[in-house]
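# Structural overview for review
Next come the chains, spelled out residue by residue.
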Amino acid sequence: MSSLPVDIMTNILSRLEVKCILRYRCVCKPWDKLLRTPQFVKMHLSRAIENEDVSFIVRSNAEHMYSTDYQKKSLFTFSDDDVVEIDFPFKSISHFRYAVVEDSCDGLLFLEICSGDSLFNGLWNPSTREYKTLPMETVEFSCPLSSEIPILHSITYGFVYDSNIEDYKVVKVMDLGPHGSEISVYTLTSNSWRDEGIQEVLKPQDVNVSNVTLGLLGEYLCLVSQHPMARSDVWVLKDHGVTNSWTKLFSVNQQTAIDGCGILNPIFAFKSGEILIENMNDFNLFVYDPEHGSVIIPKVRGTPMCSYYTTINVRSLVSLDSGTYVGQEEPGETT
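Here is what the cut-offs are and how they apply
- Residues numbered from 1 in each chain as written.
- Predicted model: local features only at pLDDT ≥ 70, side-chain atom pairs only at ≥ 80, totals over all residues.
- Heavy atoms only, no water.
- Core = buried A, V, L, I, M, F, W, Y, C linked by side-chain atoms within 4.5 Å.
- Buried < 20%, exposed > 50% of the residue type's maximum accessible area, 1.4 Å probe, protein only.
- Helix = DSSP H or I, 4+ residues; strand = E, 2+ residues; numbered from the N terminus.
- Contact = heavy atoms within 4.5 Å.
- Arc of directions from axis to C-beta.
- Salt bridge = Lys/Arg side-chain N within 4 Å of Asp/Glu carboxyl O.
- pLDDT = per-residue confidence, 0-100.
- Phe/Tyr/Trp six-rings, centres within 6.5 Å; stacked < 30°, edge-to-face > 60°.
- Lys NZ or Arg CZ within 6 Å of the ring centre and 35° of its normal.

## A short note on the nonpolar core
The biggest cluster of nonpolar side chains holds 37 residues, and the ones touching the most others in it are Leu-123, Phe-159, Tyr-168 and Val-170. Among the elements that line this core, the one with the most residues is helix H4 (residues 38-50), at four residues. Apart from residues no more than four positions distant in its own chain, Val-170 is found in contact with Phe-110, Leu-134, Tyr-157, Gly-158, Phe-159, Ser-184, Val-185, Tyr-186 and Trp-193. Grouped together as the second largest cluster of nonpolar side chains are 16 residues, Ile-57, Met-65, Phe-96 and Leu-111 included.

## A look at unusual backbone geometry
Negative phi characterises most residues that are not glycine, and trans characterises most peptide bonds. With a phi close to 60°, His-95 is a non-glycine residue in the positive phi region. You can see His-95 is positioned in the loop between strand S4 (83-86) and strand S5 (96-105). Here the phi dihedral of Asp-106 falls at roughly 55°; this positive angle occurs in a residue that is not glycine. Within the secondary structure layout, Asp-106 lies in the loop between S5 and strand S6 (108-115). Since its relative accessible area comes to 18%, Asp-106 is described here as buried.

## Some thoughts on helix H1 (residues 6-13)
Of the positions making up H1, those classed as buried are Met-9, Thr-10 and Leu-13. Looking straight down H1, one finds its buried side chains confined to an arc of 100°; they lie on one side. For H1, the secondary structure elements touched by its buried residues are helix H2 (18-24), helix H3 (29-34) and H4.

## Observations concerning the pattern of salt bridges
Taken as a whole and judged by the stated rule, the model has nine salt bridges. A salt bridge links Glu-166 to Lys-42; the nearest nitrogen and oxygen atoms lie 3.5 Å apart. Residue Glu-166 is found in the loop between strand S9 (154-162) and strand S10 (167-175), and its partner Lys-42 is found in helix H4; the two are separated by 124 residues along the sequence. Given a relative accessible area of 52%, Glu-166 falls into the exposed group.

## Describing the confidence of the model for the chain
Here the chain averages 81 in pLDDT, while 82% of its residues score no lower than 70. Every residue in residues 330-335 is under pLDDT 50, and counting partners more than four places away or in other chains gives 18 contacts.

## Thoughts on the side chain of Ser-245
In this fold, Ser-245 is placed in the loop between strand S15 (231-237) and strand S16 (246-253). A relative accessible area of 9% places Ser-245 in the buried class. Filtering out sequence-adjacent residues up to four positions away, Ser-245 remains in contact with Val-236, Leu-237, Lys-238 and Asp-239.

## As for the packing of aromatic side chains
One pass over the full model with this rule turns up eleven aromatic pairs. Geometrically, the ring pair formed by Phe-90 and Tyr-131 is edge-to-face, given 5.2 Å between the ring centres and 75° between the ring planes. In this pair, Phe-90 sits in the loop between S4 and S5 while Tyr-131 sits in strand S8 (residues 131-133), placing the two residues 41 residues apart along the sequence. On the basis of relative accessible area, Phe-90 is assigned to the buried category, the value being 4%. Residues Phe-250 and Tyr-288 carry aromatic rings whose centres are separated by 5.8 Å and whose planes lie at 35° to one another, so their mutual orientation is tilted. Within this pair, whereas Phe-250 is found in strand S16, its partner Tyr-288 is found in strand S19 (residues 284-289), the two being separated by 38 residues in sequence. The pair Phe-250 / Tyr-288 is uniform in exposure class, with both members buried. An aromatic cluster of three or more residues is present, and its members are Phe-110, Tyr-157, Phe-159, Tyr-161 and Tyr-168. Taking the ring centre of Trp-193 as reference, the NZ or CZ of Lys-172 above it sits at 5.8 Å.

In structure tokens form, the structure reads like this:
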């Protein structure tokens, strides 16, 4: 294969699974260098997304995580052989209590970890086993209209790739109740947090903002307008800042899908047109076919997947440049 032009060899290798590429990195130094270039990693990621080379990361409790392949032919039913328990980072640190997958992007998982009475965050690529501990953020609330110390009501996270700066971002929104919100952003390249302002996003016309949820569906900002006991309308924003670029993709009959109760969050769009949707009230999952209005309940080991906390993850080579991998001795590891 060494006689092939580099572009042809790159094209061929980019079609391989991550586990094969990791082995081929050991063949020789030129291959190792080639298979680590940003251009190759992006090409491989693009093919993985196009081919829906994704897995379900399933957490049944604080101590166990599983991975199972997505195969359309199986109609979202998986046998025992399809489910593999995987090691995850930070599990062996002192006073470990639990790890929660908050979000995923391009094969990277954003984690919240509880150790004793402390919470911290990390990033992890399950395919390469690489992980990284995020630095702690110094929180300074700015409330110019009041000397009262604000109370933190809740924290919401988002994890995205910003193509404008070609970097991964963790967005942290702290709800301070009557004092408003504070937003801080972590960028992978800088490995640091900074405060960030708020940019207004125009909503679809005739949508009540008091009963909506926001997320990402593919590459688009997604808004779900909830109509309890009736339906949920799913919208996507094709062009930021343009009101009429909101497009309603479909509506879900709540009586059919979730017995009339629940806040819906679409989390993955399959090429077939089917949508994987999470009921945020109880973390139930179902696959909705907008064309036929039908519902499929995914199952793992013969048990509905809704019994677990589940994340969709694409297999990728995206690096955290941390040099730390699951299986190596972790900081604070018990002996």
